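These are the residues of each chain, in order.
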Amino acid sequence: MEQEIAADVGSLASFELVRLGKTSITAGSLVAAILIVAAAVVAARLAAGAIRRVRGRAAAQAAPSIYIFEKLSTYGLIIFGVIAAFSTLGLDLSSLTLFAGALGVGLGFGMQGIVKEFISGLVLLFDKLIRIGDYIELQTGERGVVAEIGPRATRIRNNDDLDVLIPNSRLIEAPVTNWTHQNGARRMHIPFRVAYGADKEKVREAVLRAAHAVPFTMKDTAARRTQVWLIGFGENGLSFELVVWPALEAVKRPNATHAAYTWAIEDALRGGGFEIPLPQRELRVRTVFGEEGEDAREMLGLKGHVAAAPHAAAPSTNDAAEDLARGAAQDAAELAAEQAASPGR
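Residues numbered from 1 in each chain as written. Predicted model: local features only at pLDDT ≥ 70, side-chain atom pairs only at ≥ 80, totals over all residues. Heavy atoms only, no water.

Undergrad: Give me the lowdown on the confidence of the model for the protein chain, citing residues and values where you can.
TA: Caution applies to low-pLDDT regions: their predicted coordinates should not be interpreted in detail. Of all residues in the protein chain, 72% have pLDDT values of 70 or greater, and the mean over the chain is 78. When pLDDT is averaged over each element of the protein chain, strand β8 (residues 188-195) comes out on top at 94 and helix α1 (residues 2-13) at the bottom at 55. (pLDDT = per-residue confidence, 0-100. Helix = DSSP H or I, 4+ residues; strand = E, 2+ residues; numbered from the N terminus.)

Pasting the structure below:
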């Protein structure tokens, strides 16, 4: 009985499905080829997962190189599996050269976009100007952290946890701003205005105190200092800029960072009694029936104007600063979870 089953299996395996020239493709060889390709895909996924865990435990400087090795290993295993499957089928790859050339010309016209994106992805992997974990911004407005460089597109994740797919060629052909290249700090400019007549030195001191009180503001050094610049004379007031160096984790969240400093500046100006100007027009009357100044007010029965004393600012909740702290804590928790899940750390 067993011999009959073995004979049936052997005859089924040797059953000829199709003949390509001198090569006969049997059912057994086709099944073996499919199993080899499936094994190559599974091996590629296992290798990618193992290398990804190693990348999670590695230092930030080594992570991009490990990512390149991960991609090359995955592509290499799959290509090796496809070649081994062709050999199992009994196909002579050298005899397919002419056919592959003709097929390549046809695919070149029909799939030139895909080939272009694939080559662009390989360039990005080896170029290192854009690496995994960098915060980039395109001229069209898309920005976020580079999460993956794939064969067709690069996936970036913005601060709203939305994944944006960018064709690889756009990152090569169009200008790209890399906010965190080589993990460097970035200076931010936060504009604000104060009404004319304000003491510039007091404005500077109040805003500097507020800026240093915001989390993630880097300490002053000789090369990088938090400053307040007077940049112009607006229609309704003096135009200032807070020039500040936030930490790297805040640079990756520019909207929340800008909102945090703007909130702190408003608290400082209100607490110091500085007027934030609104669009307005002033009408100045020089004389009233030939009288000026106090004499004119006395003629109209008006008392002299007394400036109100500045009021202390009430405590307020800075939602943007809390969002920054929450995001940084989330990053630290995710890193700790990855390290705990990976053995040998």
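Still more ground to cover, so stick around.
Undergrad: Which residues make up the pattern of salt bridges, and what values go with them?
TA: This model, assessed by the stated rule, comprises nine salt bridges. Close ionic contact of Arg270 with Asp267 constitutes a salt bridge, the shortest N to O distance being 3.0 Å. Taken as a pair, Arg270 and Asp267 lie in helix α9 (residues 254-271) at a separation of three residues, close to a single helical turn. Salt bridges linked by common partners bring Glu148, Arg155, Arg157 and Asp163 together as one network. (Salt bridge = Lys/Arg side-chain N within 4 Å of Asp/Glu carboxyl O.)

Undergrad: Could you give me a rundown of the packing of helix α7 (residues 200-213) against α9, with the residues and numbers involved?
TA: At a closest axis distance of 9 Å, the pairing of α7 and α9 adopts a crossing angle of 135°. The angle between α7 and α9 places the two elements in the oblique class. The interaxial crossing formed by α7 with α9 has right-handed handedness. Facing α7, whose interface residues are Val203, Ala206, Val207, Ala210 and Ala211, α9 presents Tyr261, Ala264, Ile265, Ala268 and Leu269. Taken together, the residues of the contact of α7 with α9 break down into ten nonpolar, no polar and no charged. (Axes fitted to C-alpha atoms, helices over the stretch in contact; angles between N-to-C directions. Parallel < 35°, antiparallel > 145°, perpendicular 65-115°, else oblique. Left-handed = near helix turned anticlockwise from the far one by under 90°. Contact = heavy atoms within 4.5 Å. Nonpolar A, V, L, I, M, F, W, Y, C, P; charged D, E, K, R; others polar.)

Undergrad: Can you explain the packing of aromatic side chains? Please cite residues and give values.
TA: According to the stated counting rule, one finds two aromatic pairs in the structure shown. A centroid spacing of 5.3 Å and a plane angle of 50° characterise the contact between Tyr135 and Trp179, whose relative ring orientation is tilted. In this pair, Tyr135 is assigned in strand β3 (residues 135-138) and Trp179 in the loop between β7 (176-178) and β8, connecting sequence segments 44 residues apart. Judged by relative accessible area, which is 1%, Tyr135 ranks as buried. Judged by centre distance (5.3 Å) and plane angle (10°), the rings of Phe192 and Phe240 are stacked. (Phe/Tyr/Trp six-rings, centres within 6.5 Å; stacked < 30°, edge-to-face > 60°. Buried < 20%, exposed > 50% of the residue type's maximum accessible area, 1.4 Å probe, protein only.)

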